[in-house]
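A closer look at the structure
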Amino acid sequence: MDRVLIAMPKKEDKRKLAAYWASSCGGCDVGLLGLHERLLELIDFASIVFWPAATDFKYEDLRSYGDGEIDVTFFNGGIRTSENAEMAELLRRKSEVLVAYGSCAHLGGIPGLANLSERGTLFDTVYRENPTTKNPANTVPKQVSEGKFGELELPGVNEKVGALSDIVPVDYSVPGCPPPPEITEDFLDLLLENDLPETGSVIAGGKTVCDECDREWNQEAIEELKPPGDVNIDPDECLLDQGIICLGPATRSGCDASCPSVNRPCRGCFGPPEGVEDQGAEMLNSLASILQIGEEGTGLEQERELLGALPDPLGTFYSFALPVSIFGGRVEDGGTNEHE
């Protein structure tokens, strides 16, 4: 990775670090704690001035800092609510360096699959139609409600889930669901050494998962696609050659092929490699060659039958990167992009 040195603020006291959890499962905060003894080194180097998931910080504490006073903020989670967006803008203003930490902040993540449905449909599914939900009054959350003790205001739910970069400029992205401790340590080492790369860099490899996978990929033609649970997996043969969809060809390297190494297909949590705009389209392009789609002698009906074996095509090819894909979410008949 070519690096352009960025001088961090030189201060006599400790540097100030912050972390925030937006729309995500919380695994990225656990990932930070997974640094174990490296956290002690971090504490020697910096003071944690805002981390609501770990300590009792209030939003007022954050607002009291001057613009750019926080040296680095690790922002995890996608942008689902008005509060997420407000905090993204506030932390961008208060932070010298803003890091999209984890797949949800980097790409929109698994919460971004909600972009396949309208907001009203999601509310109906969760609060009215869910077989385990008892809601005889058909109540759904409102941004402003009148209660016994006055007016109650909740964050508004945006129509679509977005990545952090959809709201504010991002200096660096640390990918993964959650980021492996080694990747986080790599970033911290760059930070400690004042050796941060060029702004906008993704702190991971520049190639694909296939480039660091030990399995042998012969790119053989596939006659059918199979769920991993239905295959007696050969630990040495490429999962794609065995008919299992693995997003390794369309996913950025840096994880040491951790999922394929334990007989699990890559699901794409590191996002697309350098030079690839749309991860799902890149994977379909790779898959087309081994399915022989478009080759002489293959009919459209056969091609549809092969791809139709996937129970959830969009969830397969866009598990993490739907919000940053070329269409962003649900597309109406006729090609209208509802994400725009």
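Okay, so let's go over this structure.

Let's shift gears to the pattern of salt bridges. Taken as a whole, this structure holds 9 salt bridges when the rule is applied. Among the salt bridges present, the one from K94 reaches D67, with a minimum N-O distance of 3.7 Å. Residue K94 is located in helix α4 (residues 82-94), and its partner D67 is located in the loop between α3 (59-63) and β3 (70-76); the two are separated by 27 residues in the primary sequence. Taking the relative accessible area as the measure of exposure, K94 reaches 6% and is therefore buried. What emerges from the salt-bridge pattern is a single network uniting D67, R93 and K94.

What follows deals with the nonpolar core. V72, F74 and F187 are the most contacted members of the largest nonpolar core, which totals 52 residues. Sort the elements by how many residues they give to this core and helix α7 (residues 181-192) lands first, with 5 residues. With residues up to four places along the chain from it excluded, the contact list for F187 reads V72, F74, V99, Y172, V174, L196 and I203. Counting 21 residues, the second-largest nonpolar core is a separate cluster that includes L62, A88, A100 and V168.

Between C177 and the following residue, P178, the backbone shows a cis peptide bond with an omega angle of -10°. Tracing the chain through its elements places P178 in the loop between β9 (172-174) and α7. For D256, which is not a glycine, the phi torsion comes out positive at approximately 60°. Mapped onto the elements of the fold, D256 is located in the loop between α7 and α8 (279-291). Owing to a relative accessible area of 59%, D256 belongs among the exposed residues under this scheme.

Basis of the calculations
- Residues numbered from 1 in each chain as written.
- Predicted model: local features only at pLDDT ≥ 70, side-chain atom pairs only at ≥ 80, totals over all residues.
- Heavy atoms only, no water.
- Salt bridge = Lys/Arg side-chain N within 4 Å of Asp/Glu carboxyl O.
- Helix = DSSP H or I, 4+ residues; strand = E, 2+ residues; numbered from the N terminus.
- Buried < 20%, exposed > 50% of the residue type's maximum accessible area, 1.4 Å probe, protein only.
- Core = buried A, V, L, I, M, F, W, Y, C linked by side-chain atoms within 4.5 Å.
- Contact = heavy atoms within 4.5 Å.

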